[in-house]
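Chains, contacts and geometry: an overview
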Amino acid sequence: MAFWSTPLTEGQGDPKRKYRFTVQFDELAFAGSGIIWFAKSVTKPAMTISETEHTFLDKKYYFPGRVEWNTITLTLVDPADPDKSEDAVKQMNSLIEAAGYKIAANPEQLETMSKAKSVSALGAIVINQINDAGKTIESWTLNNAFIKDMKFGDLDYTGDELIELSLELRYDWATCEVFKNDGSSVEKFFTTETK
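A brief report on the enclosed structure follows. Keep in mind the model is a prediction, meaning the values are calculated, not measured.

Moving on to the overall build of the protein. From N to C terminus, the protein includes 2 helices and 11 strands. Starting at the N terminus, the α and β elements of the protein follow one another as β-β-β-β-β-α-α-β-β-β-β-β-β. The proportion of buried residues among the 195 residues of the protein is 28%. Considering only intrachain contacts with a sequence separation of at least 6, the fraction spanning at least 24 residues in the protein is 56%. For the protein, the accessible surface area stands at approximately 13,000 Å², while carbon and sulfur atoms represent 54% of it.

Structure representation (structure tokens):
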């Protein structure tokens, strides 16, 4: 039966809610856990499957092609504390420099960005959906993720909103792990582990 027509009992759990999530960057572990408490929103991983068309006489047939994982967007609020490591602009600039971006100050400066340095700068990126008890019920790990686009927000004399930063992340694939309400793992998807 549907959750809205069944009396809920202890431990049964609510439907998944949009506001119950955490984003974790292992390389930004200033909070100890790597959880970015100033994350405002994030798009979950999504994929597109291409198709190939075949025409025979007056009919068309379609066949699935390749899977492409779409980019995700992470929106952050800048906590503005440059004396600590919690300043978001400082963190994002550090990530780009760690990925290998350098201003060419002299002709001998030949270092450039690479995928290995970009992926290493970010470390593991995990998006967790949590339940009302704070336990993870769904977890997405972005594999080989790197920053594709970075925006540092807009300024406006007529607004009093918080400054938001935006990151677009590209990754090769995402691993999904689903958990029971008690926190025990049920199944992993898109993983190299054998079932």
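Following the structure, the description resumes.
Our focus in this paragraph is the sheet that holds strand β7 (residues 136-143). Strand order in the open sheet formed by 5 strands is β1-β6-β7-β10-β11, with antiparallel pairing between adjacent strands. Looking along the sheet, the strands with just one partner apiece sit at the ends: β1 (21-25) and β11 (185-189). Going across the sheet, the axis of each strand differs from the next one's by a mean of 15°, ignoring polarity.

Attention now goes to helix α1 (residues 88-98). Ala 88, Gln 91, Met 92 and Leu 95 are the residues of α1 that are buried. What you see down the axis of α1 is that its buried residues fit within an arc of 95°, all on one side. Close packing links the buried residues of α1 with β1, β5 (72-77), α2 (115-122), β8 (146-151) and β9 (164-170). Backbone geometry just after α1 places Gly 100 at a positive phi near 115°.

Ordered in space as β2-β5-β9-β8, the 4 strands form an open sheet in which the pairing is antiparallel. The open sheet has two edge strands, β2 (39-42) and β8, and neither has a second partner. For this sheet, the mean inter-axis angle between neighbouring strands, taken without regard to orientation, is 25°. Taken together, the 6 bridges between β5 and β9 define a ladder with antiparallel strand orientation. Bridging across to β9, Val 77 finds its partner in Glu 164.

Once that is clear, we can look at the pattern of salt bridges. Here the structure, examined in full by the defined rule, presents 9 salt bridges. Here Lys 115 makes a salt bridge to Asp 172, at a shortest N to O gap of 2.8 Å. Of this pair, Lys 115 sits in helix α2 while Asp 172 sits in the loop between β9 and β10 (173-179), and the two are 57 residues apart along the sequence. What makes Lys 115 partly exposed here is its relative accessible area of 42%.

Parameters and conventions
- Residues numbered from 1 in each chain as written.
- Predicted model: local features only at pLDDT ≥ 70, side-chain atom pairs only at ≥ 80, totals over all residues.
- Heavy atoms only, no water.
- Helix = DSSP H or I, 4+ residues; strand = E, 2+ residues; numbered from the N terminus.
- Buried < 20%, exposed > 50% of the residue type's maximum accessible area, 1.4 Å probe, protein only.
- Contact = heavy atoms within 4.5 Å.
- Areas by Shrake-Rupley, 256 points an atom, 1.4 Å probe, with all protein chains shown as cover.
- Pairing = 2+ DSSP bridges.
- Axes fitted to C-alpha atoms, helices over the stretch in contact; angles between N-to-C directions.
- Arc of directions from axis to C-beta.
- Salt bridge = Lys/Arg side-chain N within 4 Å of Asp/Glu carboxyl O.

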